[in-house]
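# Descriptive analysis of the structure
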Amino acid sequence: MAEHEHVRVAVIGSGFGGLGAAVRLRREGITDFVVLERAGSVGGTWRDNSYPGCACDVPSHLYSFSFAPNPDWPRTFSGQEHIRAYLERVADDFGLRPHLRFDSEVKLMTWDEDELRWHIETASGSLTADVVVSATGPLSDPKIPEIPGLDSFPGRVFHSARWDHDFDLRGKRVAMVGTGASAIQIVPSIQPEVSRLTVFQRTPPWVMPRMDRAIGAAERGLHRALPFTARLRRGLLWGIRELQVQAFTKHPDELGLVEQLAKRNMARAIKDPALRAKLTPDYRIGCKRILLSSAYYPALARPNVDVVAAGVAEIRGSTVVAADGTEAEVDAIVFGTGFHVTDMPIAERVVGVGGVTLAEAWKGGMEALRGGSAAGFPNWLSVIGPNTGLGNSSMILMIESQLNYLADYLRQLDTLGGRTALDARPAAVDRWNRKVQERMKRTVWNTGGCTSWYLDAAGRNTTVWPGTTSEFRQATRRVDLTEYEVLRKPASTPAKSAAVPSEATA
């Protein structure tokens, strides 16, 4: 990285959000930008998560950029290796390689109130930027619970997102801690190889069959020859999920039929009534993410698998002890315990107006104007920010909406001219967040009777969007300057606030 390098835009992260932002910048004619990536290659969560069985639970043709269709997806639900390869192709096809800065983990981002720019310190050097696009993603920093005795465990310990490929699980006794989206893929993948698999389950998930199949050569050839067929397929997948949103956000009771289908799915594979009782959730389906697998329940029914319906309480030597007193001696512990979603570590490294960190600003809960702009952090935009997650569809749809907002944000700065910054007005952020939280009250995520990673420590849902992707796209199609304070730096005088129209209703 060049000494005293300055760029117009610095993008943090090279997963779907970061690469999508980079593509959009180039399509807007902006080439003065860098993508700062802490690892040595692109891919984000699809690079980091390489555990056995890792795959997407959103159909492939919907889990890809609209501007970069892939007619050659090999399966209806593609695996990690295919998604990562897709992102590598996006980086190549759209000329992003010259902008990528690998091994450049961001250590600190500080807003300069006089110069109206961001000072960024990375593992490979320092630079400044007029605008920062934070695309680190909520599923980037693994969370391992603090368990007494874990430090003295003599075997191997690793998180699903940091899989230890040098450790041979064959013939080993393994503890799988957690039963979320990663665990239900790992369990059936390693069950045939290990001598004993003990699954520690705090809360059982609702699991539906995974309708996965290979996409044949003829089908792929059709999409290549007639691209509109792939667009039609994507549109149908999107439309079905848009129609489902009402049940999640307004009428959770309508999900009762889906619960019955999920119970039948379980009953087909789990014949033991005692095991079925352990695996049956006591909350409304959809409150936690509905998981897709046709192999999870059959794996749990195998003779070398034990399900402990309690979380881990402590580790005594090589013995894992559950909260209900159950013990299991193991050679390895695999944590499928999720990520720092509502307490993202990157927030500690972002220092805004008055020296306030983003973590401090969000100590009462994450909130950002239209999911992207936080008050007190000028010219800082988040991709997959607060309340932009989805419970039943593709995050790529939300990312592309936020990229529309980013493009208009930069156009507004160009129109204003000079050294200019936009800082979200606290009242505008508050108004947006109050409306989101009001809508959240009747959603299944808040009323379904579960505790999920969608909720922060105070029980507020700061993660999920309580509406359709169409609604979010409409809400982010343009920047409303009345929701921002416009900061200017005249050529020879200190920065000051420009007069702007009074705030309009968000």
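Above this text you will find the structure in question.
An account of the accompanying structure is given in this report. (Residues numbered from 1 in each chain as written. Predicted model: local features only at pLDDT ≥ 70, side-chain atom pairs only at ≥ 80, totals over all residues. Heavy atoms only, no water.)

### Describing the overall build of the protein chain
Assigned secondary structure in the protein chain consists of 14 helices and 21 strands. For 506 residues, the compact-globule estimate of 2.2 N^0.38 gives 23 Å, and the protein chain sits close to it at 24 Å. Residue burial in the protein chain is summarised as follows: out of 506 residues, 55% are buried. Contacts spanning at least 24 positions in sequence make up 72% of the contacts within the protein chain whose residues lie at least 6 apart. Per element, the accessible surface of the protein chain, about 21,100 Å² overall, is 51% carbon and sulfur. (Helix = DSSP H or I, 4+ residues; strand = E, 2+ residues; numbered from the N terminus. Rg over C-alpha atoms; globule rule 2.2 N^0.38 Å. Buried < 20%, exposed > 50% of the residue type's maximum accessible area, 1.4 Å probe, protein only. Contact = heavy atoms within 4.5 Å. Areas by Shrake-Rupley, 256 points an atom, 1.4 Å probe, with all protein chains shown as cover.)

### Describing the nonpolar core
Phe16, Phe65, Leu197 and Leu300 are the most contacted members of the largest nonpolar core, which totals 107 residues. Counting residues per element, this core draws most heavily on helix α11 (residues 395-416), which supplies 11 residues. Leave out the neighbours within four places in its chain, and phenylalanine 16 touches Trp46, Tyr63, Ser64, Phe65, Ile83, Tyr86, Leu87, Ile396 and Ile399. Leu36, Val132, Met344 and Val350 belong to the second largest nonpolar core, which has 26 residues in total. (Core = buried A, V, L, I, M, F, W, Y, C linked by side-chain atoms within 4.5 Å.)

### Let's talk about a nonpolar patch on the surface
Among the surface-exposed residues, Leu222, Leu226 and Phe228 lie close enough to one another that they form a single nonpolar patch of about 270 Å² accessible area. Relative to the helices and strands, phenylalanine 228 resides in helix α6 (residues 227-249). Judged by relative accessible area, phenylalanine 228 falls into the partly exposed class, the value being 46%. (Patch = residues over 30% accessible without salt bridge, like charges linked within 9 Å, V, L, I, M, F, W, Y side chains within 5 Å. Salt bridge = Lys/Arg side-chain N within 4 Å of Asp/Glu carboxyl O.)

### Some details on the sheet that holds strand β16 (residues 332-335)
Taken in spatial order, the 5 strands line up as β7-β16-β8-β9-β12 in an open sheet, and their pairing is parallel. Of all the strands in the sheet, the pair left with one neighbour each is β7 (156-159) and β12 (305-308). With direction set aside, neighbouring strand axes in the sheet form an average angle of 15 degrees. Of the strand pairs in this sheet, strand β8 (residues 173-177) and β16 are connected by 4 bridges, and their pairing is parallel. Counted as the bridge partner of valine 174 is alanine 332 from β16. Each of β8 and β9 (196-200) touches helix α4 (residues 183-190); the most contacted strand, β8, lies at about 165 degrees to it. (Pairing = 2+ DSSP bridges. Axes fitted to C-alpha atoms, helices over the stretch in contact; angles between N-to-C directions.)

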